[in-house]
Amino acid sequence: MAAPHPHGTGDWWRSAVIYQVYPRSFADGDGDGTGDLAGVRARLPHLAELGVDALWFTPWYLSPLVDGGYDVADYRTVDPAFGTLAEAEKLIAEARELGIGVIVDIVPNHVSDRHAWFRAALAAGPGSPERELFHFRPGRGEHGELPPNTWPSQFSGPTWTRVEDGEWYLHLFTPEQPDLNWAHPAVRQEHEDVLRFWFERGVAGVRIDSAALLAKDPALADFTEGVDPHPYIDQDELHDIYRSWRAVADEYGAVFVGEVWLPDAERFARYLRPDELHTAFNFAFLACPWEPGRLRRTIDATLAEHAPVGAPATWVLCNHDVTRTVTRYGRADTAFDFATKAFGTPTDIALGTRRARAAALLTLALPGSVYLYQGEELGLPEADIPLDRIQDPMHFRSGGTDPGRDGCRVPLPWTADAPHAGFGPGPGAPWLPQPDGWAAYAADRQAADPGSMLTLYRRALRLRRTTRGFGDGPLTWLPAPDGVLAFTRPGGLTCVVNLAPEPVRLPAHDTVLLTSGPLDEDGRLPGDTAVWLRSGSRVEED
Ligand code: GLC
């Protein structure tokens, strides 16, 4: 079956707005307090009205949910908490009817410890072919009581766990997520089969989890940061894997987006060569502080690193792993960094919201595609989760110092006057508690409010779809006062973002298309505000 092209062209992904659904927290269709596919299907009109081109679903497969579904027990089964495979197929078809593509999430670095392969490997014992699908090794020390090497974890805490027969297995994340051995042909074959399984069901694309971690130094040698080459991030063998994946995707017209966190721009761009991944998340932009010089440098660096390989940039403000945008931008340090996440950071939500609104217009005007994490269109803040309700393993593995990622995963508020803000139909309490005041963010209330975040996103996405100049294509910076970012796109579209405290005059224009907040009484653009302008007479063509 051919993959859908949501807006009728094979290049839709170069300019798309892709909405990230975290199914557990999006909408609950059966009233048990956990979001599910029935909930998503019922809310497809919300997504169509919002005007997104595609939905990326974080994993919906069978999973013990130790790491929110990134511990997959079976890729060909939908977890009963979320629904059935038949429902997933219906959802893909219904979204497609609305011109919305579906992107599924594949987690190739590891599986759940409940996956049939890992159960078989445990049962078969040392030296067995089943163990070769993973990284099992004897320990070090007199009695094998020490882990086989000193590799750092991606989640703090140990990277090796010992099993009853004395061997150890590698897991870059939790012990419930054993790493696969990507040097084994069966691992490659299985993943290509899984890709086909979902492409046959009409998905438009695949998001690749932890995409730069799969291949490991075969010697599993010790590693000292700053001394040795990294033993598992960005190994050269990965490119061959993704070239094979690309050949499979091309048969279906489907696309990839890789989760590639790499500081080196040249190494990052290698994943985006024409026969590898179509796109990768822009984490440099996600982590960038709300500071004009830094933003401009990040935008320029992004465009410069994508240009040689011909890949479109992606723009990401938030996802299910990081601090909500209105909260991050309302803090003294507006950068995102896993290492500095802490409890009790003072936050000015009103300021953060004003900046998040301006950032929405900035992001949507930049060349390429945009990812929008669920709840960002409602301006949800990061929630403080009571200690006894935290579920994220990142919190526990940090020894309790890291608040974890649950604060951006709180079930969405849909209906202000309903129990649990309308997350589900029944009295079932949401799996994570919604903070006081959550109902004020409900989608129904915001839909009726011209000044709401939802109204801003709806207007911006509608304009972006119907006006020339957005999405893939050139960007030209305009001269602007200190603290102001101003650029044009083809067709006379101009975006101005004022990050300075003082209001600034708008450049010459014919029409104000949209502002993130009111202009002042003299028609000037206040601080932390953005505007889209159209100038009919000027056509920028590079
Ligand atoms: C990715 C996911 C994250 C998950 C991790 C392990 O970073 O985004 O949520 O915990 O991979 O699969």
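Residues numbered from 1 in each chain as written. Predicted model: local features only at pLDDT ≥ 70, side-chain atom pairs only at ≥ 80, totals over all residues. Heavy atoms only, no water.

Focus on the sheet that holds strand E7 (residues 160–162)
Then comes step 1: Taken together, three strands build an open sheet; the order of strands is E6-E8-E7 and the sheet is antiparallel. Because the sheet does not close on itself, it has two edges, and the strands there are strand E6 (136–137) and E7.
Then comes step 2: Two elements, E7 and strand E8 (residues 168–170), share three bridges in a ladder whose sense is antiparallel. Note that in E8 the partner of Arg162 across the bridge is Trp168. (Pairing = 2+ DSSP bridges. Helix = DSSP H or I, 4+ residues; strand = E, 2+ residues; numbered from the N terminus.)

A closer look at the UniProt feature "domain: Glycosyl hydrolase family 13 catalytic" (unreviewed entry) in the protein chain
Then comes step 1: Look at the UniProt record and you will see "domain: Glycosyl hydrolase family 13 catalytic" (unreviewed entry) annotated at residues 20–409.
Then comes step 2: Summarising residues 20–409: 31% helix, 12% strand, and an end-to-end C-alpha distance of 12 Å. (UniProt positions renumbered as here; feature names shortened; annotations may be inferred.)

Examining the packing of aromatic side chains
Then comes step 1: Summed over all chains, the structure comprises 32 aromatic pairs.
Then comes step 2: Judged by centre distance (6.1 Å) and plane angle (80 degrees), the ring pair of Tyr19 and Phe26 falls under edge-to-face.
Then comes step 3: Judged by relative accessible area, which is 0%, Tyr19 ranks as buried.
Then comes step 4: With 4.9 Å between their ring centres and 85 degrees between their planes, Phe336 and Phe338 make a pair best called edge-to-face.
Then comes step 5: Classification of Phe336 by relative accessible area gives buried; the value is 7%.
Then comes step 6: In this structure Phe338 comes out as partly exposed when scored by relative accessible area, which is 28%. (Phe/Tyr/Trp six-rings, centres within 6.5 Å; stacked < 30°, edge-to-face > 60°. Buried < 20%, exposed > 50% of the residue type's maximum accessible area, 1.4 Å probe, protein only.)

Some remarks on the side chain of Asp321
Then comes step 1: Tracing the sequence through the fold places Asp321 in the loop between strand E12 (314–316) and helix H11 (325–328).
Then comes step 2: A residue is classified by how much of its surface remains accessible, and Asp321, at 8% relative accessible area, is buried.
Then comes step 3: A polar atom in the side chain of Asp321 sits 3.3 Å from the side chain of His320.
Then comes step 4: Looking at Asp321, its side chain comes within polar contact range of the side chain of Arg409, at 3.1 Å.
Then comes step 5: For Asp321, the residues in contact, after removing those within four places along its chain, are Glu259, Phe336, Phe338, Lys341, Arg405, Cys408 and Arg409. (Polar contact = N/O pair within 3.5 Å; in protein donor to acceptor, adjacent residues only side chain to side chain. Contact = heavy atoms within 4.5 Å.)

Brief notes about the sheet that holds strand E5 (residues 101–106)
Then comes step 1: Within the open sheet, the eight strands sit side by side as E11-E10-E9-E5-E2-E1-E13-E12. Their pairing is parallel. Strand pairing shows two members of the sheet lacking a second neighbour, strand E11 (279–280) and E12, which therefore form its edges.

Some points on the pairing of strand E18 (residues 529–534)
Then comes step 1: Counting buried positions along E18 yields six of six residues, so the element is predominantly enclosed.
Then comes step 2: By the alternation rule, side chains of E18 split into Thr529, Val531 and Leu533 and Ala530, Trp532 and Arg534, which are all buried.
Then comes step 3: Pairing between strand E16 (residues 493–498) and E18: six bridges, direction antiparallel. Bridging across to E18, Leu493 finds its partner in Arg534.
Then comes step 4: Examined bridge by bridge, strand E17 (residues 511–515) and E18 share four bridges and lie antiparallel to one another. Considered in E18, the bridge of Val512 is made with Leu533.

Some remarks on the site of the ligand
Then comes step 1: Every one of the 14 residues lining the ligand counts as a neighbour, but Asp67, Asp209, Glu259, His320 and Asp321 are closest to it.
Then comes step 2: Asp209 is positioned such that a nitrogen or oxygen atom in its side chain is 2.8 Å from an oxygen atom of the ligand.
Then comes step 3: Coverage of the ligand by the protein chains reaches 96% of its 310 Å² of free accessible surface.
Then comes step 4: Residues of the shell around the ligand, tallied by class, amount to three nonpolar, four polar and seven charged. (Near = heavy atom within 4 Å. Areas by Shrake-Rupley, 256 points an atom, 1.4 Å probe, with all protein chains shown as cover. Nonpolar A, V, L, I, M, F, W, Y, C, P; charged D, E, K, R; others polar.)

Some details on unusual backbone geometry
Then comes step 1: Positive phi, close to 50 degrees, is recorded for Ser156, a residue that is not glycine.
Then comes step 2: With respect to the element layout, Ser156 can be found in the loop between E6 and E7.
Then comes step 3: Residue classification places Ser156 among the partly exposed residues on the basis of a relative accessible area of 36%.
Then comes step 4: Of note in the backbone geometry, Ala421 takes a positive phi value of approximately 50 degrees without being a glycine.
Then comes step 5: The topology assignment puts Ala421 in the loop between helix H13 (393–397) and helix H14 (443–447).
Then comes step 6: Residue Ala421 is classed as buried on the basis of its relative accessible area, which comes to 6%.

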